[in-house]
Amino acid sequence: MAVADPADEVVAFASELIALDTTNSADTAAAGRERVAAEYVAEKLAEVGYAPTYVESGAPGKGNVVVRLEGADPGRGALLVHGHLDVVPADATEWSVHPFSGEVRDGYVWGRGAVDMKGMVAMTVATARRFKRDGVVPPRDLIFAFVADEEAGGFAGARWLVDNRPELFDGATEAIGEVGGFSVTLADDVRAYLVQTAEKGAMWLRLKATGTAGHGSMMYEDSAIATLGAAVARLQAHRFPVVLTDPVRDFLAGVAEITGMAFDLDDPEAAVARLGNLARMIGATLRDTANVTMFEAGYKSNVVPSVARATVDGRMLPGREAAFEVELAEVLGPDVELLWDTLPPVATTFDGALVDAMAAAIAAEDPGAAVLPYMVSASTDAKSFARLGIRHFGFAPLRLPPDLDFAALFHGVDERVPVDALRFGTRVLDRFLRTS
């Protein structure tokens, strides 16, 4: 019987994974939905001879799968390749296709998780299967981890594994994960692949204001809703200071070298504004951000409530953690109670043998393309694995069409990934893992 090419398997795997609804809702009391995807991955890996370790945290349904492939040099630090199995919610009425269909149409695999990040999970599964099936011995141990709960901070996924099952990652010194390795077209047929070397910290801030409760026909001077509404309005209007970090500076220098475009680094916002579709993604790494994502108050039309609550998604640049907290408190004011969970920023340098292996794998599949470092404004499981001292890069390689607004697809409507990009990424990942 003919053995399937991983570059063909990956499309089916991505489609089938997307069709498994692993939505991670805001309800922390609800059971996790990742188990079905974790069992799917474990089955695909067991078929070729792996002995998967399936682990659930204390949260039911939050399934995680880890396997290790021994390498030629046990004395070298292991490389961790990780991906998350959960996705954010999707409203099917807003989509062109059902978000959990995994439909393959018009050269794309469609559905929630196509880019964030079941596409990379499918690439990793396809590559891991090939290595085991073909008896490939990589230069060092490879640890493949497929985890739960990333979209809620990883507390029942990567963070739980790091704190409770660290032996699964024994010897790991470096890692690759999501939100990097994708191409951007900087000029006519001039591509660069962005490798994530840093990511902003994350803070989920819960706000609370209190006031006098009573009948809606009366007059009140201490309305909880008005107090909190004014505070979040101030926050939404506030702009944190622009800070030009090394990853952004290095990225702009790389773009300038490739395109000949000159950037005025004394005005980073104007420089980034010239990047087209990239401006939104890179612009979010010029300053801290804090966006109100939920607001809750009241229970009846004629009752003034005593409590109003809101949730804020905050992201801070490396080195700005303390200043960010102080600035938030000043903007929101003394009448609002603050409670937060924080995940710190992470960063590494763009150098070393692993970076060279990334560049070589890209060049073999896309000759003449450049590889550049950048910072992502979002948060990944790198924050959890960094607690084990693991150096992290975002490298989920995809060659993308020049006109595709890739950044808009993350958590967006009609999320999709090109079929050709998945096949390309699988070939690059195969080359990279054989030489890393």
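To start, this report covers the structure provided alongside it.

What counts and what doesn't
- Residues numbered from 1 in each chain as written.
- Predicted model: local features only at pLDDT ≥ 70, side-chain atom pairs only at ≥ 80, totals over all residues.
- Heavy atoms only, no water.
- Phe/Tyr/Trp six-rings, centres within 6.5 Å; stacked < 30°, edge-to-face > 60°.
- Helix = DSSP H or I, 4+ residues; strand = E, 2+ residues; numbered from the N terminus.
- Buried < 20%, exposed > 50% of the residue type's maximum accessible area, 1.4 Å probe, protein only.
- Lys NZ or Arg CZ within 6 Å of the ring centre and 35° of its normal.
- Expected span 1.5 Å × (residues − 1).
- Axes fitted to C-alpha atoms, helices over the stretch in contact; angles between N-to-C directions.
- Parallel < 35°, antiparallel > 145°, perpendicular 65-115°, else oblique.
- Left-handed = near helix turned anticlockwise from the far one by under 90°.
- Contact = heavy atoms within 4.5 Å.
- Nonpolar A, V, L, I, M, F, W, Y, C, P; charged D, E, K, R; others polar.
- Pairing = 2+ DSSP bridges.
- Salt bridge = Lys/Arg side-chain N within 4 Å of Asp/Glu carboxyl O.

1. Some words on the packing of aromatic side chains
Applying the stated rule across the entire model yields 8 aromatic pairs. Aromatic side chains Phe-169 and Phe-385 sit 5.3 Å apart centroid to centroid with 70° between the ring planes, which places their arrangement in the edge-to-face category. Pair noted here: Phe-169 is in the loop between α4 (158-164) and β7 (172-177) and Phe-385 is in helix α11 (residues 382-385), with a separation of 216 residues, a long-range link. Comparing Phe-169 with Phe-385 shows no difference in burial state: the two are buried. On the numbers, 5.8 Å between centres and 15° between planes, the contact of Tyr-193 with Phe-424 is stacked. Here Phe-424 lies in helix α12 (residues 419-435) and Tyr-193 lies in strand β9 (residues 190-199), a separation of 231 residues in the sequence. Members of the aromatic cluster, connected to one another through ring pairs, are Phe-182, Tyr-374, Phe-406 and Phe-410. Above the ring of Tyr-108, the side-chain terminus of Arg-416 is found at 5.4 Å from the ring centroid. The side chain of Arg-416 reaches across the aromatic face of Trp-110, ending 5.0 Å from its centre.

2. A closer look at helix α3 (residues 118-134)
Here α3 is 17 residues long and its end C-alpha atoms lie 24 Å apart, about the 24 Å a rise of 1.5 Å per residue gives. Counting buried positions along α3 yields 13 of 17 residues, so the element is predominantly enclosed. Positive backbone phi, at 70°, marks Gly-135, one or two positions downstream of α3.

3. Brief notes about the packing of helix α1 (residues 6-18) against α12
Two numbers describe how α1 lies on α12: the axes approach to 8 Å, and their chain directions differ by 125°. Here α1 lies oblique to α12, going by the angle between them. Crossing of α1 against α12: the hand is right-handed. Across the interface between the two elements, Pro-6, Ala-7, Asp-8, Val-10, Val-11 and Ala-14 of α1 pack against Val-419, Leu-422, Arg-423, Thr-426 and Arg-427 of α12. A class-by-class count of the residues in the contact of α1 with α12 yields 7 nonpolar, 1 polar and 3 charged.

4. Regarding the pairing of strand β1 (residues 53-56)
Here 4 bridges tie β1 to strand β2 (residues 63-69), and the two strands are oriented antiparallel to one another. Directly across from Tyr-54, in β2, lies its bridge partner Val-65. Joining the antiparallel neighbours β1 and β2 is a turn of 6 residues, in which Gly-61 adopts a positive phi near 85°.

5. Looking at the pattern of salt bridges
If you walk through the whole model with that rule in mind, you get 32 salt bridges. A salt bridge links Asp-141 to Arg-68, with the shortest nitrogen-to-oxygen separation between them at 3.1 Å. Of this pair, Asp-141 sits in the loop between α3 and β6 (142-147) while Arg-68 sits in strand β2, and the two are 73 residues apart along the sequence. Taking the relative accessible area as the measure of exposure, Asp-141 reaches 14% and is therefore buried. Arg-287 serves as the salt-bridge partner of Glu-269, at 2.7 Å between the closest nitrogen and oxygen. Placement of Glu-269 in helix α7 (residues 268-273) and of Arg-287 in the loop between α8 (278-283) and β12 (289-297) is noted, with a sequence separation of 18 residues between them. Residue classification places Glu-269 among the partly exposed residues on the basis of a relative accessible area of 39%.

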